[in-house]
Amino acid sequence: MNTMISSKKKYLRVLSIFAILFITIQGFAQKPADPKLDKMPVALETDYALSSLPPQLRPGATIYLLDPSKGYYIARKGSNGFICFVMRTAWEWAEFRNDVVTAMSYDAEGSRVIFPIYLDVAAMRASGKFTALQVRNIVIDRIKKGIYKAPAKAGVSYMLAPVMRTYPATPAEHKVLTMQMPHYMFYAPYVTNDDIGNIPNGQADGPFLVNPEAMFLGKRKAPYGYIIVPAGEKERAKIVADNKVLLKRLADYKPFLK
């Protein structure tokens, strides 16, 4: 009798182990792949990227478009030193999503020292050889080694598009929101919210500072801080009104951009 009971217990134990292994294997097999980026319609991506700039800068700006299988490419070579593009991967958050869509622009200085990070991140993601966490670690390592450098002078990144979808907080949070928040971003390497008198830590009721990579590099060690100045209420209303057609095209393309 004891032998039968002992054999039964062993059988149940082995069965439990197989069940756990099966569940574990199934879990790995069913783990969803990283979301793949789709190619935005060229005309829509072009118009959306240009909307980040003030109207007077658009005719002379260089336009970058994204080929999800390769990375960014120049669709139109400009003459005034400004570039514009649609950001699809916020590398600081270490996750690949297909619902981050934000029109951005840089002046000549930002194009020289900040935009190369976006170029490299897009190429790494497109290659399929890196996880999102590996991409972030590579960027952080290159910042530490001085491969990616801080802006050498004051400058501006215009983000005057009528809508954007991105992270509203630090990389500790992963919620993505659709926002109507046209604004100006002035380069502020190594600056903190304390330095500009915005306490506690970046309340959006006036100029405030964002610097996501400070979470990994440490206070006053992150070179890509920006002082954010939101567009005024009347200016924001005009931007939204002037871009009604673009807003509809974006919403038709992706409902999450409504």
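Residues numbered from 1 in each chain as written. Predicted model: local features only at pLDDT ≥ 70, side-chain atom pairs only at ≥ 80, totals over all residues. Heavy atoms only, no water.

**Structural notes on the overall build of the protein chain**
Worth spelling out the cut-off: Numbered from the N terminus, helices here are DSSP runs of H or I no shorter than four residues, and strands are runs of E no shorter than two. Accessibility here uses a 1.4 Å probe with only protein chains present; expressed as a share of the type maximum, an area under 20% marks a residue as buried, one over 50% as exposed, and anything in between as partly exposed. In what follows, residue pairs with any heavy atoms lying within 4.5 Å of each other are defined as contacts. Each accessible area is a Shrake-Rupley result for a 1.4 Å probe, and residues are judged covered by the shown protein chains and nothing else.
In terms of regular secondary structure, the protein chain is built from 8 helices and 10 strands. The 258 residues of the protein chain split such that 43% are buried. Nonlocal contacts in the protein chain, meaning residues at least 24 apart in sequence, comprise 64% of its contacts between residues at least 6 apart. Carbon and sulfur atoms provide 60% of the accessible area of the protein chain, an area that totals close to 14100 Å².

**Focus: the side chain of Ser51**
Within the secondary structure, Ser51 is located in the loop between α2 (42-50) and β1 (62-67). Those residues within four positions of Ser51 in sequence are excluded, and the remaining contacts are Arg58, Ala103, Leu160, Ala161, Pro162, Asn243 and Leu246.

**Details of helix α8 (residues 244-253)**
Worth spelling out the cut-off: When we speak of the arc, we mean the arc of directions from the helix axis to the C-beta atoms.
Within the span of α8, buried status applies to Leu246, Leu247, Leu250, Ala251 and Tyr253. In a view along the axis of α8, the buried residues occupy a sector of 160°, so they form one face of it. Facing away from the buried surface of α8 by more than 90 degrees, the exposed residues are Lys244, Val245, Lys248 and Asp252. Elements in contact with the buried residues of α8: α2 and α7 (233-242).

**Here we look at the sheet that holds strand β2 (residues 71-76)**
Which entries qualify depends on this criterion: Note on pairing: DSSP must find at least two bridges between two strands before they are called paired. Every axis in this analysis is a line fitted to C-alpha atoms, fitted for helices over the stretch in contact. Angles between the N-to-C directions lie between 0 and 180 degrees.
Strand order across the open sheet formed by 4 strands is β2-β1-β3-β4, with mixed pairing between neighbours. The open sheet has two edge strands with one neighbour each: β2 and β4 (102-106). Pairs of neighbouring strands in the sheet enclose a mean axial angle of 30°, with direction left out of account. The strands touched by helix α4 (residues 115-127) are β1, β2, β3 (83-87) and β4; relative to β2, the strand with the most contacts, the crossing angle is about 120°.

**Here's the deal with the confidence of the model for the protein chain**
The line we're drawing: The score called pLDDT rates the predictor's confidence residue by residue, from a low of 0 to a high of 100.
On average, residues of the protein chain carry a pLDDT of 87, and 84% of them reach 70 or more. Here residues 1-33 is a poorly scored stretch, pLDDT under 50, and it has 0 contacts once near neighbours within four places are set aside; other chains count.

**Some points on the sheet that holds strand β8 (residues 183-187)**
Across the sheet, 4 strands lie side by side as β5-β8-β10-β9; this open sheet has antiparallel pairing. Edge strands, defined here as strands with exactly one partner in the open sheet, are β5 (156-159) and β9 (208-210). Between one strand and the next, the sheet's axes are offset by a mean angle of 30°, whatever the strand orientation. Bridge count between β8 and strand β10 (residues 226-230): 5 bridges; the pairing is antiparallel. Bridge pairing in β10 links Tyr184 to Val229.

**Quick look at the packing of aromatic side chains**
Heads up, the condition is: We call Phe, Tyr and Trp rings a pair once their centres come within 6.5 Å, taking the six-membered ring for Trp, and we label the pair stacked below 30 degrees between planes, edge-to-face above 60, and tilted otherwise.
Counted according to the given criterion, the structure contains 13 aromatic pairs. Aromatic pair Tyr72 and Phe115: ring centres 6.0 Å apart, planes at 55°, arrangement tilted. With Tyr72 in strand β2 and Phe115 in helix α4, the pair connects residues that are 43 residues apart, well separated along the chain. Judged by relative accessible area, which is 14%, Tyr72 ranks as buried.

**Re the nonpolar core**
Proteins that are soluble and globular tend to have nonpolar side chains buried together. Keep this limit in mind: Nonpolar cores are built from buried Ala, Val, Leu, Ile, Met, Phe, Trp, Tyr and Cys residues. Side-chain atoms within 4.5 Å join them into one set.
Membership of the largest hydrophobic core comes to 69 residues, with the highest contact counts inside it found for Tyr48, Phe85 and Tyr106. Sorting elements by how many residues they give to this core places α4 first, with 6 residues. If we skip the residues at most four places from it in the chain, Phe85 touches Ala49, Tyr64, Tyr72, Thr102, Ala103, Met104, Tyr106, Phe115 and Tyr118.

**What about the environment of Pro230?**
Relative to the elements of secondary structure, Pro230 occurs in strand β10. Linking Pro230 and Met159, residues 71 residues apart in sequence, is a C-alpha distance of 9.5 Å. Discounting chain neighbours no more than four positions away, the residues touching Pro230 are Pro182, His183, Gly206 and Phe208.

**Observations regarding the packing of α4 against helix α5 (residues 132-145)**
The packing of two helices is summarised by the inter-axis angle and the distance between the axes. To keep it simple, the criterion reads: Any angle from 65 to 115 degrees is called roughly perpendicular, while one under 35 is roughly parallel, one over 145 is roughly antiparallel, and all others are oblique. Should the near helix be turned anticlockwise from the far one by less than a right angle, the crossing is left-handed, and should it be turned clockwise, the crossing is right-handed. Classification used: nonpolar for Ala, Val, Leu, Ile, Met, Phe, Trp, Tyr, Cys and Pro, charged for Asp, Glu, Lys and Arg, polar for all others including Gly.
Remark: α4 packs on α5, axes separated minimally by 10 Å, with the N-to-C direction vectors making an angle of 150°. Taken together, the axes of α4 and α5 are roughly antiparallel relative to one another. Of the two possible hands of crossing, α4 and α5 adopt the one that is right-handed. In contact with Ile117, Asp120, Val121 and Met124 of α4, α5 contributes Val135, Ile138, Val139 and Arg142. When its residues are assigned to classes, the contact of α4 with α5 shows 6 nonpolar, no polar and 2 charged.

**Notes on the pairing of β2**
On any regular strand, side chains alternate: one points to one face of the sheet, the next to the other face. Judged from the 5 bridges that link them, β1 and β2 form a sheet pairing that is antiparallel. Bridging across to β2, Leu65 finds its partner in Tyr73.

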